[in-house]
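The chain contents come next:
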Amino acid sequence: MEELKTHSLRTVDWKDNKVIMIDQTKLPNKLEYVKYSDYHDVANAIKTMIVRGAPAIGVSGAFGLALAAIQSKATTKEDLIKDLKEARQILFSTRPTAVNLKWGLDKIMEITKKGSDVSTMRNSIIEEAKKIGEKLGIKWDKFDVEQFRMGMDVELEHGKISPKTIETTVEEAELIKLFTNSWRYLQFAITNQFYSMA
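Residues numbered from 1 in each chain as written. Predicted model: local features only at pLDDT ≥ 70, side-chain atom pairs only at ≥ 80, totals over all residues. Heavy atoms only, no water.

Draft legend 1. Molecular detail of the pairing of strand β2 (residues 12-15). For β2 and strand β3 (residues 18-22), the ladder comprises four bridges, and the chain directions are antiparallel. Among the inter-strand pairings, W14 is bridged to a residue of β3, identified as V19. The hairpin formed by β2 and β3 contains two residues between the paired strands, and D16 there has a positive phi angle of roughly 50 degrees. (Pairing = 2+ DSSP bridges. Helix = DSSP H or I, 4+ residues; strand = E, 2+ residues; numbered from the N terminus.)

Draft legend 2. Structural detail: the nonpolar core. Ranked by internal contacts, the top residues of the largest apolar core, which has 43 residues, are V12, V19, M21, V42, L65, L84 and L91. Only β2, β3, β4 (33-36), α1 (39-47), α2 (54-71), α3 (77-92), α4 (99-111) and α5 (118-136) provide two or more residues apiece to this core. Here this core gets ten residues from one element, more than from any other, and that element is α2. Beyond its immediate sequence surroundings of up to four residues, M21 is in contact with T11, V12, E32, Y33, V34, Y36, V42, A45, I50, V51 and S60. (Core = buried A, V, L, I, M, F, W, Y, C linked by side-chain atoms within 4.5 Å. Buried < 20%, exposed > 50% of the residue type's maximum accessible area, 1.4 Å probe, protein only. Contact = heavy atoms within 4.5 Å.)

Draft legend 3. Region of interest: α5. The end-to-end C-alpha separation of α5 is 27 Å, in line with the 27 Å expected for 19 residues at 1.5 Å each. Listed in full, the buried residues belonging to α5 are V118, M121, R122, I125, I126, E128, A129, I132, G133 and L136. The buried residues of α5 all sit within an arc of 165 degrees when viewed along its axis, so they share a single face. Exposed residues on α5 whose side chains face more than 90 degrees from its buried face are K131, E134 and K135. Its buried side turned inward, α5 meets β2, α2, α3 and α4. A side-chain oxygen of the first residue of α5 lies 3.1 Å from the backbone nitrogen of S119; this N-cap is D117. (Expected span 1.5 Å × (residues − 1). Arc of directions from axis to C-beta. Polar contact = N/O pair within 3.5 Å; in protein donor to acceptor, adjacent residues only side chain to side chain.)

Draft legend 4. α3, seen in detail. With 16 residues, α3 extends 22 Å from end C-alpha to end C-alpha; this agrees with the ideal 22 Å at 1.5 Å per step. Buried residues of α3: L80, I81, L84, A87, R88, L91 and F92, and no others. For α3, the angular spread of the buried residues around the axis is 125 degrees, confining them to a single face. Exposed residues lying more than 90 degrees from the buried face of α3 are E78, K82 and K85.

Draft legend 5. Quick look at the packing of α3 against α5. In contact at an axis separation of 9 Å, α3 and α5 are set at 35 degrees when each is read in the N-to-C sense. The chirality of how α3 crosses α5 is right-handed. Of α5, the residues touching α3 (which contributes K77, L80, I81 and L84) are V118, M121, R122 and I125. A class-by-class count of the residues in the contact of α3 with α5 yields six nonpolar, no polar and two charged. (Axes fitted to C-alpha atoms, helices over the stretch in contact; angles between N-to-C directions. Left-handed = near helix turned anticlockwise from the far one by under 90°. Nonpolar A, V, L, I, M, F, W, Y, C, P; charged D, E, K, R; others polar.)

Draft legend 6. The arrangement of unusual backbone geometry in detail. With phi around 50 degrees, D16 is a residue other than glycine that occupies positive phi space. Structurally, D16 can be placed in the loop between β2 and β3. Phi angles above zero are rare outside glycine, and M49 is one such case at about 65 degrees. With respect to the helices, strands and loops of the structure, M49 is situated in the loop between α1 and α2.

Draft legend 7. Geometry of the packing of α2 against α5. The geometry of α2 relative to α5 is characterised by a closest axis approach of 9 Å and an angle of 165 degrees between their N-to-C directions. The orientation of α2 relative to α5 falls into the category roughly antiparallel. Judged by the sense of rotation from one axis to the other, the crossing of α2 with α5 is left-handed. Two secondary-structure elements touch here, α2 through P55, V59, A62, F63, L65, A66, A69 and I70 and α5 through R122, I125, I126, A129, K130, I132, G133 and L136. For the contact of α2 with α5, the class distribution of residues is 13 nonpolar, one polar and two charged. (Parallel < 35°, antiparallel > 145°, perpendicular 65-115°, else oblique.)

Draft legend 8. Quick peek at the environment of A74. Among the structural elements, A74 can be located in the loop between α2 and α3. Sequence-wise, A74 and V118 are 44 residues apart; in three dimensions their C-alpha atoms are separated by 7.5 Å. Sequence-distant contacts of A74, that is, excluding residues within four places in its chain, are made with D79, L80, D83, V118 and R122.

Structural data, given as structure tokens:
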């Protein structure tokens, strides 16, 4: 893992065949970037919450498989697919209930059905991952209150589901922690002028 000091404000990005992420474990006190060239590191980033949020996790999964395609030593289509399936399982196991992660991984695996040779497949996988990054990638310079509210809704969904009411409940301590952290993110965004309150 390589730390970067400056980059665009995209949460997860692809540059020079590497994955660049905002290290969200350092927010809101520090804006720090990490760079990965190994899909195992991307898997670890998802698992340890260096990257958070459904869209960003989906993009990370797609980028992780693109790295796996680059890392693979396969010389045949069959061997490349085998390597990608193994990488997919490792990436998926980090957050098996994350819908966007599964979606991103599945979109990349669909590409393996179309390629005629290893080189073409690798290039197609990278291009598809970039498209997913553009489609789902969150730019913090476009961050707004509505996006923040949606993020809060997603976090609240991680509470416990009551079997009687089928409603999500959150323990009081967890709720306090959630709102405290969310408020810190909001303050960080305002301080760094990611959006205006006007």
